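# Results of the structural survey
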Amino acid sequence: MDFYLSALILGLCLSAMSLGIFISMKIFNIPDITTDGSYTLGAVFTAILLTAHWNATAIIPVVLVSGSIAGTLTGLIHTRLKIDALLAGILVMTGLYSINLTLLGRSNIPLLNVPTIFSSFQVFANAVYNNLITVALFIALITLIVGYILRTDFGIAMRATGNSESMTRALGINTNKMKIIGLAIANSLTALSGYLVAQFQNFTDINMGIGIVITGLGSVLIGEALIKWWNITSIPASLLVVLCGSILFQMVLAFTLSIGIDPNMLKLVTASFVLIIVMIPRLKKAV
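Residues numbered from 1 in each chain as written. Predicted model: local features only at pLDDT ≥ 70, side-chain atom pairs only at ≥ 80, totals over all residues. Heavy atoms only, no water.

In terms of helices and strands, the protein chain carries 11 helices and 2 strands. Reading the secondary structure of the protein chain in the N-to-C direction produces α-α-α-α-β-α-α-α-α-β-α-α-α. Its C-alpha atoms give the protein chain a radius of gyration of 19 Å, within 12% of the compact-globule value 19 Å for 287 residues. Structurally, the protein chain occupies a C-alpha span of about 55 × 45 × 35 Å along its principal axes. Classification of the 287 residues of the protein chain by burial places 49% in the buried group. Side-chain charges in the protein chain split into 14 positive and 9 negative, and the spacing between the mean points of these groups amounts to 10 Å. (Helix = DSSP H or I, 4+ residues; strand = E, 2+ residues; numbered from the N terminus. Rg over C-alpha atoms; globule rule 2.2 N^0.38 Å. Buried < 20%, exposed > 50% of the residue type's maximum accessible area, 1.4 Å probe, protein only. Lys, Arg positive; Asp, Glu negative; His and termini not counted. Charge placed at Lys NZ, Arg CZ, Asp CG, Glu CD.)

In structure tokens form, the structure reads like this:
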């Protein structure tokens, strides 16, 4: 039981990244590969500051700013230098690997004997229940904030930019600015996932972000399928479904491990699962 509860907690930790990918992919139609680097960047700052005896809550603004800077760089390269968004994300992600390794100073940092955000809530005897409530409250707050932003005039302008950039520009909205801010918000959420996962797994590793965009994309694709299936149109409900997609994705991986699949094959299973999710709607259209 604890195994699946841990998968649930991990799914909630990664759901902040799923919200970020939802903003970049589904609102702005930008395939942002910066995710791999900004996720690790959030974990790196978390490890550095926790081992420097910072309070876990005080680290959150630093993590958000670091992720937003990464997203802003991608946005500037894409909008100002007119470089394809995919290539811009790859360039920033590649650069972030060296930056993360330099900041970390070594390949990994353990966080076994430092207070974390998960150690601040101790009600149940079973630590897994305490962790679940902590991350659930944290993600609920983040989801409410993101939902509120997307329903404001600024959020509507962001969504309009993704739907029809030419029309939005004709209305006097600076679409390049909207893209930059959108990518900054998306990557700050991604860095927040790195912050949570580093504390949940009690270590930060330089390679923890490699391929993480596939996990986030898979979560968003599951959420998108559910949104179409249930005909969801409201933003708050869409965000909740994306959270469900993140949790369901981790549950599938947990089930895969529980039936004895070699952990070395987990990345292959992840990629195959995402492929199936993408393929099913296309097969239905073909039929």
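Next, the rest of the story.
With that out of the way, let us pick up the nonpolar core. Ile-23, Val-135, Phe-138, Ile-139 and Tyr-195 are the most contacted members of the largest nonpolar core, which totals 61 residues. Ignoring anything within four residues of it in the chain, the contact list for Tyr-195 reads Gly-42, Ala-43, Thr-46, Ala-56, Thr-57, Ile-59, Ile-60, Val-63, Ile-117 and Phe-138. Formed by 11 residues, the second largest nonpolar core is a distinct cluster that contains Leu-226, Ile-227, Phe-249 and Phe-273. (Core = buried A, V, L, I, M, F, W, Y, C linked by side-chain atoms within 4.5 Å. Contact = heavy atoms within 4.5 Å.)

The next subject is the pattern of salt bridges. Throughout the structure, instances matching the rule amount to 3 salt bridges. Note that Arg-169 and Glu-165 form a salt bridge whose closest N and O atoms lie 2.7 Å from each other. Taken as a pair, Arg-169 and Glu-165 lie in helix α7 (residues 165-170) at a separation of 4 residues, close to a single helical turn. Using a relative accessible area of 46% as the deciding quantity, one classes Arg-169 as partly exposed. We classify Glu-165 as partly exposed; its relative accessible area is 25%. When salt bridges with common partners are traced through the structure, they connect Glu-165, Arg-169 and Lys-179 into a single cluster. (Salt bridge = Lys/Arg side-chain N within 4 Å of Asp/Glu carboxyl O.)

Okay, unusual backbone geometry next. One non-glycine residue, Asn-202, lies in positive phi territory at about 65 degrees. Residue Asn-202 is classed as partly exposed on the basis of its relative accessible area, which comes to 27%. Positive phi is not limited to glycine here, since Asn-231 has a value of about 55 degrees. Note on Asn-231: relative accessible area 62%, which makes it exposed.

On the surface, Phe-255, Ile-259, Ile-261, Met-265 and Leu-268 cluster together into a nonpolar patch covering about 460 Å² of accessible area. Secondary-structure assignment places Met-265 in the loop between α10 (235-258) and α11 (266-286). You can call Met-265 partly exposed: its relative accessible area is 38%. (Patch = residues over 30% accessible without salt bridge, like charges linked within 9 Å, V, L, I, M, F, W, Y side chains within 5 Å. Areas by Shrake-Rupley, 256 points an atom, 1.4 Å probe, with all protein chains shown as cover.)

Let us look at helix α6 (residues 153-163). Among the residues of α6, Gly-155, Ala-157, Met-158, Thr-161 and Gly-162 are the ones counted as buried. Projected onto a plane normal to the axis of α6, the buried residues spread over an arc of 160 degrees and lie on a single side. Facing away from the buried side of α6 by over 90 degrees, the exposed positions are Asp-153 and Asn-163. Those residues of α6 that are buried are in contact with α1 (2-27), α5 (127-151), α7 and α8 (175-201). (Arc of directions from axis to C-beta.)

A word on the environment of Ile-109. Following the sequence through the fold, Ile-109 ends up in strand β1 (residues 108-110). You can call Ile-109 buried: its relative accessible area is 7%. Taking the C-alpha atoms as reference, Ile-109 lies 6.7 Å from Asp-205; in sequence the two are 96 residues apart. Among all residues touching Ile-109, those that are not within four sequence positions of it are Ala-47, Thr-51, Leu-104, Phe-203 and Thr-204.

A few words on the packing of α5 against α8. Two elements in contact, α5 and α8, have axes whose closest approach is 12 Å; the angle formed by their N-to-C orientations is 175 degrees. As far as their axial angle goes, α8 and α5 are roughly antiparallel. Of α8, the residues touching α5 (which contributes Asn-131, Val-135, Phe-138, Ile-139, Ile-142 and Val-146) are Leu-189, Leu-192, Tyr-195, Leu-196 and Phe-200. Split into classes, the residues belonging to the contact of α5 with α8 amount to 10 nonpolar, 1 polar and no charged. (Axes fitted to C-alpha atoms, helices over the stretch in contact; angles between N-to-C directions. Parallel < 35°, antiparallel > 145°, perpendicular 65-115°, else oblique. Nonpolar A, V, L, I, M, F, W, Y, C, P; charged D, E, K, R; others polar.)

Here the focus is the confidence of the model for the protein chain. Across the protein chain, the average pLDDT comes to 89, with 97% of residues at or above 70. Across the protein chain, helix α3 (residues 56-79) holds the top mean pLDDT of 96, while α11 sits lowest at 74. (pLDDT = per-residue confidence, 0-100.)

Looking now at the side chain of Thr-168. Secondary-structure assignment places Thr-168 in helix α7. Beyond its immediate sequence surroundings of up to four residues, Thr-168 is in contact with Ala-157, Ala-160, Thr-161, Ile-173 and Thr-175.

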